Amino acid sequence: MSSITTSERLGNYLEIFGELEKRSAKQPKWLRELRDAAFARFCETGFPTTKDEDWRFTNVNAISHASFSMTHPQQRLAPADLEQFRLPHAACRLVFVNGSFAPGLSDTGALPKGVRVGSLANEIANNPAALESHLGHYIKFGRDGFSALNTALIEDGAYVHLPRRTVLEAPIHFLFASVASGNPAMAHPHNLIIAEDETQASIVEDYVSFGNAPFFSNVVTELVADENAVLSHYLIEREDLHAYNISTLRLQQARASNVTSHSVLLGGALVRNNVHPVLAGEGGECLINGLFIGNGRQHMDNYMLVEHASPHCSSRQFYNGILDGTSHGVFHGRIIVHKDAQKTDAKQTNRNLLLSDNAQIDTKPQLEIYADDVKCTHGATIGQIEENALFYMRSRGIDEASARRLLLMAFANESLNRMKSDSVREYLSGVIQKWLPDTVAKPTPGDGSAERRWEEVG
Amino acid sequence: MSMLEIKNLHASVNNHEILRGIDLTVNAGEVHSIMGPNGSGKSTLAQVLARRETYEIAQGEVLLNGKDLLAMKPEEAAGEGLFVAFQYPVEVPGISNAYFLRAALNAIRKYRGQEELDAMDFLPLLKEKMRLLDMDERFLNRPVNEGFSGGEKKRNEIVQMAVLEPRLAILDETDSGLDIDALKIVANGVNSLRSPDRAMVVVTHYQRLLNHIVPDYVHVLVDGRIAKSGGPELALELEEKGYAWAEPEAAISK
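Residues numbered from 1 in each chain as written. Chains lettered and ligands numbered in written order. Predicted model: local features only at pLDDT ≥ 70, side-chain atom pairs only at ≥ 80, totals over all residues.

Right, let's talk about the overall build of chain A for a bit. Check the secondary structure of chain A and you find 11 helices and 21 strands. A principal-axis box enclosing the C-alpha atoms of chain A has dimensions of 70 × 55 × 55 Å. Among the 458 residues that make up chain A, the fraction classed as buried is 51%. Looking at chain A alone, contacts between residues at least 24 apart form 83% of all its contacts between residues at least 6 apart. (Helix = DSSP H or I, 4+ residues; strand = E, 2+ residues; numbered from the N terminus. Buried ≥ 20, exposed ≤ 12 C-beta atoms within 10 Å, placed from the backbone. Contact = placed C-beta atoms within 7 Å.)

Structure below.
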């Protein structure tokens, strides 16, 4: 029996990395060393398998066994193609096509003086010194093969730098278009957001697709919130069913910062959404709020790693899932309370509606507490549409499909109502309402009354 | 044509027959009361009329304004003018009272080919009906029935009835669990909705409610059949003599 050679296992990544090395020969040494170290790590570990505890519920063979190219797409997008994805009232919009910044499709708007919003590639070329202490600094590429691969292939992505006391009322929109026709393609965007002391802003990271071939997005976003910064990050996954999307949001929170992460997962065949805040200064607050709606054979894995590294911080995780067809959802909420993080207040709640007998949810809390004066709670529910409520609504004249839709929207609204930006919340509400019809206009199978529930206080 | 015609209605749940041949005719403008002891089938009758699917109809016919009610879905029955105030109103988490009721009213208006109401037109209407039932405006934005007390839920049912303006209203034990003040408020609300082109069937265990909502006819339901029918005086007689008094006659009429 012959074992798989390293070059076989690495597929075309070796070649892609080699080309990038050539292109980036003139870039700063620290960056080249970072890529080298990350690539070495990727060569060592490869992609995770279901034997890894953190990947138990998610099989990534569809990604690791396939070959994706990183060439520029043949299909050229025109501004009109993207109009359907316009986020109203955005301060600016950065468009990336297969991971590369597309200035012709972007609109950087009028931003306050000193605010830098643009492409990481541009920043690497023109202002690399400002990046050195941040880029790749927070993401621990040793954690998994995907982060290692992304770091090894750092080339472009979105870059935002908010100087001290900047307040942006309108959201910044990053639109990532995946374009693949004929051949499978991929992108490894790396986003860096640096928010200095007392800043306030919202960032919307949005994934959409064009074409008919598989597309693999492997994204890392590093977001640094300095003292007292108040930041909201929104992830919208609405690619088509050819998409594989692995994304990691790494939040670094300084003293008294307040960061919220909202994820709305609607599209994609295989989605893994990692959210990893580190509460590194006293009094930090973090809210991780998510909604995933799966149908058909979609797989949506939400993995949270919340690290309490300082005293008096609070974190909240709320994830609501709606699963139909044979879709599979995962909620894996891990909380680590480090030794000195006394008075930590951490809570996680995962609520799920299963609309079909064949839909599946795996929900797994994981608390690791090394401090002795903390409050950590977690809970999960799995249920179906409440038949009594459905009948009650019908008895008042509302037809069954509309009643189902109202009940599902009410469930989704639990997540939407935690979003502070009115314009983003209303926009997402509209997106979700359009997304729902296929999944709701049919009765619930089974007896409809079973509900499982567990709740613990630790 | 009668508003409601029930002919020889038999209904069972899990092969257990609960309604065993009900006959009842209700005309526009009339208020009928159905009284009976626990387990006599009062609530089953209300649920069957509301088109709850858990009941099997073995025999019989129910006509709502001449149309076959038993062939209608619950939402169609509502569109045809039926309203049932439930004994145990259901909580609908995440949907506000105001939103829910506007959706219901517009669904019914659409069913009838009428124009839908926007929030601007709807809100004053709802507020007016809530005042009638002495309900605070904060209930507008609270999720339907969620966290409401028993009395608040019952009043909320009558608010819904007042907004939806049914042609036939069935009140299923709307008085149960109410204190006398709440009972008066509910009864006033119901009385204000009495009209020559609307009929009501008031299902109750207790005579007390009928002091406040005076019916034209009273029927006593025993063991799945109407054992006795009469005028309002029948309710007083029942109060005095108890349901046992009506039962032997049910046996005789077999």
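Picking up after the structure, the text goes on.
Scanning chain B for helices and strands turns up nine helices and 12 strands. Computed over its C-alpha atoms, the radius of gyration of chain B comes to 18 Å, within 12% of the 18 Å expected for a compact globule of 254 residues. Expressed along its principal axes, the backbone C-alpha trace of chain B runs to roughly 60 × 40 × 35 Å. Put simply, 70% of the contacts in chain B that link residues at least 6 apart link residues at least 24 apart. (Rg over C-alpha atoms; globule rule 2.2 N^0.38 Å.)

On to the packing of helix H3 (residues 97-111) of chain B against helix H4 (residues 119-132) of chain B, then. All names here are of chain B. The interhelical angle for the contact between H3 and H4, taken along N-to-C directions, is 110°, at an axis separation of 11 Å. Compared by their axis directions, H3 and H4 come out roughly perpendicular. In contact with Ala98, Leu101, Arg102 and Leu105 of H3, H4 contributes Ala119, Phe122, Leu123 and Leu126. Class assignment of the residues belonging to the contact of H3 with H4 gives a composition of seven nonpolar, no polar and one charged. (Axes fitted to C-alpha atoms, helices over the stretch in contact; angles between N-to-C directions. Parallel < 35°, antiparallel > 145°, perpendicular 65-115°, else oblique. Nonpolar A, V, L, I, M, F, W, Y, C, P; charged D, E, K, R; others polar.)

Residues and elements named next belong to chain B. Reading across from one edge, S2-S1-S4-S5 is the order of the four strands in this open sheet, with antiparallel pairing throughout. Of all strands in the sheet, those with a lone pairing partner are strand S2 (16-26) and strand S5 (67-68), marking the two edges. Looking at chain direction, strand S1 (residues 4-13) and strand S4 (residues 56-64) are connected through seven bridges and run antiparallel. Residue pairing in the sheet places Ile6 in a bridge with Val62 of S4. Packed on one face of the sheet, helix H1 (residues 42-49) meets S1, S2 and S4 and runs near 70° to S2. (Pairing = 2+ DSSP bridges.)

Bringing the interface of chain B and chain A into the picture now. The interface of chain B with chain A comprises 20 residues on the first partner and 17 residues on the second. For the side of chain B that touches chain A, the secondary structure elements donating two or more residues are helix H2 (74-79), strand S7 (92-96), H3 and helix H5 (150-164) of chain B. Residue composition of the side of chain B that touches chain A, by class: 14 nonpolar, three polar and three charged.

For the rest of this paragraph, the subject is helix H7 (residues 145-152) of chain A. Residue and element names in this part refer to chain A. Burial runs high along H7: eight of the eight residues are buried. Burial in H7 covers these residues: Gly145, Phe146, Ser147, Ala148, Leu149, Asn150, Thr151 and Ala152. Elements in contact with the buried residues of H7: helix H2 (13-23), helix H3 (29-45), strand S7 (190-195), strand S9 (215-225) and strand S11 (243-253).

What follows concerns the sheet that holds strand S3 (residues 31-35) of chain B. Strand pairs in the sheet, formed through backbone hydrogen bonds, run parallel or antiparallel to each other. Residue and element names in this part refer to chain B. In space, the six strands of this open sheet follow the order S6-S9-S10-S3-S11-S12, with mixed pairing throughout. Either end of the sheet is taken by a strand with one partner, and the two such strands are strand S6 (82-85) and strand S12 (225-230). Adjacent strand axes in the sheet meet at a mean angle of 20° when their direction is disregarded. As paired strands, strand S9 (residues 168-172) and strand S10 (residues 199-204) are joined by five bridges and run parallel to one another. Residue Leu171 lies in a different strand from S10, and its bridge partner there is Val202.

Attention now moves to the environment of A:Arg351. All names here are of chain A. The topology assignment puts Arg351 in strand S18 (residues 345-354). Sequence separation between Arg351 and Leu291 is 60 residues; the distance between their C-alpha atoms is 9.6 Å. Ignoring any residue separated from it by four or fewer positions in sequence, one finds Arg351 in contact with Asn320 and Thr381.

For the rest of this paragraph, the subject is the confidence of the model for chain A. Of all residues in chain A, 93% attain a pLDDT of 70 or more, and the chain-wide mean is 92. In this model residues 444-458 of chain A is a low-confidence stretch, pLDDT under 50, and it forms 22 contacts with partners more than four residues away in sequence or in other chains. (pLDDT = per-residue confidence, 0-100.)

As a further point, take the packing of helix H9 (residues 400-416) of chain A against helix H10 (residues 422-435) of chain A. Residue and element names in this part refer to chain A. Packing of H9 against H10 leaves a shortest axis separation of 11 Å and a crossing angle of 150°. One element, H9, and the other, H10, form an angle in the roughly antiparallel class. The element H9 and its partner H10 pack so that their crossing is right-handed. Listed contacts from H10 to Met409, Ala412 and Leu416 of H9 are Arg425, Leu428, Ser429, Ile432 and Gln433. Considered class by class, the residues forming the contact of H9 with H10 number five nonpolar, two polar and one charged. (Left-handed = near helix turned anticlockwise from the far one by under 90°.)

So, about unusual backbone geometry. The backbone phi angle of B:Asn15 is positive, close to 65°, even though this residue is not glycine. Within the secondary structure layout, B:Asn15 lies in the loop between S1 and S2.

This paragraph deals with the environment of B:Glu237. Locating B:Glu237 in the fold gives a position in helix H8 (residues 233-241). Between the alpha carbons of B:Glu237 and B:Arg138 there is a distance of 42 Å; along the sequence they are 99 residues apart.

Right, let's get into the nonpolar core. Most often, soluble globular proteins keep nonpolar side chains buried together rather than apart. Counting 202 residues, the largest nonpolar core has A:Val160, A:Ile172, A:Ala195, A:Ala225, B:Leu49, B:Val84 and B:Ile170 as its most contacted members. In this structure A:Val160 touches A:Arg116, A:Val117, A:Ile172, A:Ile193, A:Ile194 and A:Ile203, once residues within four positions along its chain are discounted. (Core = buried A, V, L, I, M, F, W, Y, C linked by C-beta atoms within 7 Å.)

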